[in-house]
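Analysis of the macromolecular model
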Amino acid sequence: MTTAVIQLTSTDNVVVCCRDIEAGETIATDHQEFMVTVRVPLGHKLALIPLKVGDKVVKYGMAIGSMTADAAPGEWIHMHNMKSDYMPAHLRDAAGDQA
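These figures come from a predicted structure and were not determined experimentally.

**Considerations on the sheet that holds strand β7 (residues 62-67)**
Pairing within the open sheet is antiparallel, and its three strands lie in the order β6-β7-β9. Either end of the sheet is taken by a strand with one partner, and the two such strands are β6 (56-59) and β9 (82-84). In this sheet, adjacent strand axes meet at a mean angle of 40° when their direction is disregarded. The sheet contact formed by β6 and β7 spans four bridges and is antiparallel. By the bridge assignment, Lys 56 is partnered in β7 with Ser 66.

**Description of the sheet that holds strand β2 (residues 14-17)**
Remark on secondary structure: sheet strands pair via backbone hydrogen bonds, oriented parallel or antiparallel. Across the sheet, four strands lie side by side as β1-β2-β5-β8; this open sheet has antiparallel pairing. Of all strands in the sheet, those bounded by a partner on one side alone are β1 (5-6) and β8 (76-77). In terms of strand pairing, strand β5 (residues 45-47) meets β8 through two bridges, oriented antiparallel. Looking at β8, one finds that Leu 46 is bridged to Trp 76.

Quick notes on the rules
Residues numbered from 1 in each chain as written. Predicted model: local features only at pLDDT ≥ 70, side-chain atom pairs only at ≥ 80, totals over all residues. Heavy atoms only, no water. Pairing = 2+ DSSP bridges. Helix = DSSP H or I, 4+ residues; strand = E, 2+ residues; numbered from the N terminus. Axes fitted to C-alpha atoms, helices over the stretch in contact; angles between N-to-C directions.

This is how it looks when you write it as structure tokens:
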């Protein structure tokens, strides 16, 4: 069976789904277990710890966004409850500068 999730670095507060996770599935990490309440697709994120509005989402050891809603461990983290902290790519020119 394929590993369900992976924590990319020890400082991440999210794990990445290595396969589709079904609603009601219990996921075990090295340190805890949690139940996933909604279907989460391959490559998407799950909260590893409780996250509150304004908390930084840490993936790859780096903050990739901020929470816009609270999330419990095992909850799907995506654009419905977080926002990117990066400038949108469509606002950059070919050199990477803001247009």
